[in-house]
Amino acid sequence: DAKTTQPPSMDCAEGRAANLPCNHSTISGNEYVYWYRQIHSQGPQYIIHGLKNNETNEMASLIITEDRKSSTLILPHATLRDTAVYYCIVRVAIIQGAQKLVFGQGTRLTINP
Amino acid sequence: ETGVTQSPTHLIKTRGQQVTLRCSSQSGHNTVSWYQQALGQGPQFIFQYYREEENGRGNFPPRFSGLQFPNYSSELNVNALELDDSALYLCASSLVASPNEQFFGPGTRLTVL
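Summarised in this report is the structure supplied together with it.

Considering the overall build of chain B
- Across its full length, chain B holds 0 helices and 11 strands.
- Counting from the amino terminus, helix and strand elements in chain B follow one another as β-β-β-β-β-β-β-β-β-β-β.
- Relative to the 2.2 N^0.38 estimate, which gives 13 Å for 113 residues, the radius of gyration of chain B is 13 Å and therefore close to what a compact globule would have.
- Considering only C-alpha atoms, chain B reaches an extent of 40 × 25 × 25 Å along its principal axes.
- A burial count over chain B gives 51% of its 113 residues as buried.
- Within chain B, counting contacts between residues at least 6 apart in sequence, those at least 24 apart form 53% of the total.
- Roughly 5300 Å² of accessible area belongs to chain B as shown, and the carbon and sulfur atoms make up 49% of that amount.
- Between the mean site of the 7 positive side-chain charges and the mean site of the 9 negative ones, chain B shows a separation of 8 Å.

Description of the nonpolar core
Residue and element names in this part refer to chain A.
- Trp 35, Leu 73, Tyr 86 and Leu 109 are the most contacted members of the largest nonpolar core, which has 23 residues in total.
- Taken together, the elements giving at least two residues each to this core come down to strand S2 (18-23), strand S3 (32-38), strand S4 (45-50), strand S6 (61-64), strand S7 (70-75), strand S8 (84-93) and strand S10 (107-112).
- If you tally residues by element for this core, the top one is S8, at 5 residues.
- Once residues within four sequence positions are removed from consideration, Leu 109 is found in contact with Met 10, Cys 12, Ala 18, Leu 20, Leu 75, Asp 82, Thr 83, Ala 84 and Tyr 86.

Description of the packing of aromatic side chains
- For the structure shown, the criterion picks out 12 aromatic pairs over all chains.
- Ring centres of Tyr 36 of chain A and Tyr 46 of chain A lie 5.7 Å apart, and the angle between their planes is 75°; this geometry places the pair in the edge-to-face category. With Tyr 36 of chain A in strand S3 and Tyr 46 of chain A in strand S4, the pair connects residues that are 10 residues apart, well separated along the chain.
- Residue Tyr 36 of chain A is classed as buried on the basis of its relative accessible area of 0%.
- Summarising the aromatic geometry, the rings of Phe 103 of chain A and Tyr 35 of chain B are spaced 5.8 Å apart at their centres and angled 80° between planes, so their arrangement reads as edge-to-face. Here the residue Phe 103 of chain A occupies a position in strand S9 (residues 99-103), and Tyr 35 of chain B occupies one in strand S4 (residues 31-37), the pair thus bridging two chains.
- For Tyr 35 of chain B, a relative accessible area of 0% puts it in the buried group.
- What links up through ring pairs into an aromatic cluster is the set Tyr 32, Tyr 34, Tyr 36, Tyr 46, Tyr 87 and Phe 103 of chain A together with Tyr 35, Phe 45 and Phe 104 of chain B.

What about the pattern of salt bridges?
Residue and element names in this part refer to chain B.
- Scanning all chains against the criterion turns up 6 salt bridges over all chains.
- Close ionic contact of Glu 82 with Arg 63 constitutes a salt bridge, the shortest N to O distance being 3.2 Å. Note that Glu 82 is positioned in the loop between strand S8 (74-78) and strand S9 (87-95) and Arg 63 in the loop between strand S6 (53-57) and strand S7 (64-68), a separation of 19 residues in sequence.

Some remarks on the interface of chain A and chain B
- Contact with chain A, which involves 21 residues of that partner, is made by 23 residues of chain B.
- There are 0 salt bridges connecting chain A and chain B.
- Taken together, chain A and chain B are joined by 5 residue pairs in polar contact (both at pLDDT 80 or more).
- Only S3, S4, S8 and S9 of chain A provide two or more residues apiece to the side of chain A that touches chain B.
- It is S9 of chain A that provides the largest number of residues to the side of chain A that touches chain B, a total of 4 residues.
- For the side of chain A that touches chain B, the per-class residue count stands at 10 nonpolar, 9 polar and 2 charged.

Examining the pairing of S8 of chain A
Residues and elements named next belong to chain A.
- Where burial is concerned, most of S8 is hidden: 9 out of the 10 residues are buried.
- Where S3 meets S8, 7 bridges bridge the pair, whose relative direction is antiparallel. For Tyr 32, the partnering residue across the bridge sits in S8 and is Arg 91.
- By the bridge criterion, 3 bridges tie S8 to S10 in an arrangement that is antiparallel. Residue pairing across strands places Val 85 opposite Arg 108, the latter belonging to S10.

So, how was this worked out
- As a convention, each chain's residues are numbered from 1 in the sequence order in which they are written.
- Lettering of chains starts at A and numbering of ligands starts at 1, both following the order in which they are written.
- Restriction of local features to residues with pLDDT of at least 70 applies here, the model being predicted, together with a cutoff of 80 or more for giving and counting side-chain atom pairs; totals for whole chains, interfaces and linings are based on all residues.
- The side-chain numbers reported here are obtained from all heavy atoms of the structure, hydrogens and water having been left aside.
- Strands here are runs of E lasting at least two residues and helices are runs of H or I lasting at least four, both read from the DSSP assignment and numbered beginning at the N terminus.
- Using C-alpha atoms as the atom set, the radius of gyration is obtained and then compared with a globule rule of 2.2 Å times the number of residues to the power 0.38.
- The buried label goes to any residue with under 20% of its type's maximum accessible area, the exposed label to any with over 50%, and the partly exposed label to all in between, with areas taken from a 1.4 Å probe on protein chains only.
- Contacts were defined at the residue level, with two residues in contact if any of their heavy atoms lie within 4.5 Å.
- Surface accessibility in these figures is a Shrake-Rupley result with a 1.4 Å probe; residues are shielded only by whichever protein chains are displayed.
- Charge assignment: positive for Lys and Arg, negative for Asp and Glu; neither His nor the chain ends contribute.
- In plain terms, the charge of a residue is placed at NZ if it is Lys, CZ if Arg, CG if Asp and CD if Glu.
- Definition of nonpolar core: a set of buried residues of the types Ala, Val, Leu, Ile, Met, Phe, Trp, Tyr and Cys, connected through side-chain atoms within 4.5 Å.
- Only the six-membered ring of Trp is used, alongside the rings of Phe and Tyr, when aromatic pairs are assigned; centres must lie within 6.5 Å, and planes under 30 degrees apart are stacked while those over 60 apart are edge-to-face, with the rest tilted.
- Should a side-chain nitrogen of Lys or Arg be within 4 Å of a carboxyl oxygen of Asp or Glu, the pair is scored as a salt bridge.
- Any pair of nitrogen or oxygen atoms within 3.5 Å is treated as a polar contact; in protein, a donor-acceptor pairing is required on top of that, and neighbouring residues in sequence qualify only through side-chain atoms on both sides.
- All residues other than Ala, Val, Leu, Ile, Met, Phe, Trp, Tyr, Cys, Pro, Asp, Glu, Lys and Arg, Gly among them, are scored as polar; the first ten of these are nonpolar and the last four charged.
- Strands qualify as paired when DSSP identifies two bridges or more between them.

Below, the structure is given as structure tokens:
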């Protein structure tokens, strides 16, 4: 029941902004968009999340379209350590008080020197 | 602040055997979720535990079961292992009242021969 679609791979030059797109056209009004990344089969690392407003933190920015059907994760100045698989995720309610993260296939981002 | 820890890191079993994987949640977190990640795929939600009870379940058969203890640590048990159970098993902890971030552990790599 994956609810997101991402390109399987992307490349970006070191020092440039990396823009990772995600489609989530079936997202419901109260479902959040999350981004995690995973390096070398380690545990996924939280990056950022949002509902309908654009968000920014020390790691990245999240731009969500007005219709909420797509979003873009922006890494403003990519470094070699940003090479990872990036997952765009929808947080889905299971039962009241319980949530699960629904992962898609992710985008393998390679930062080139 | 202690992060999420999992044990063992690697495990090899044969078909039909049973396995127990362990997870210690991040300090102060009262909710633990378990995910299965097959090679090359995104993590898939197995179940979540809160207050020592299962609080939501994904599309996994009953031979996948779990426990949560009063200190919020958790176990994942898999009976009658099958070859397709070979995967990275991840646990993630969070505060049920504030599920904005799920913090993942490093995972246990299970190989079923």
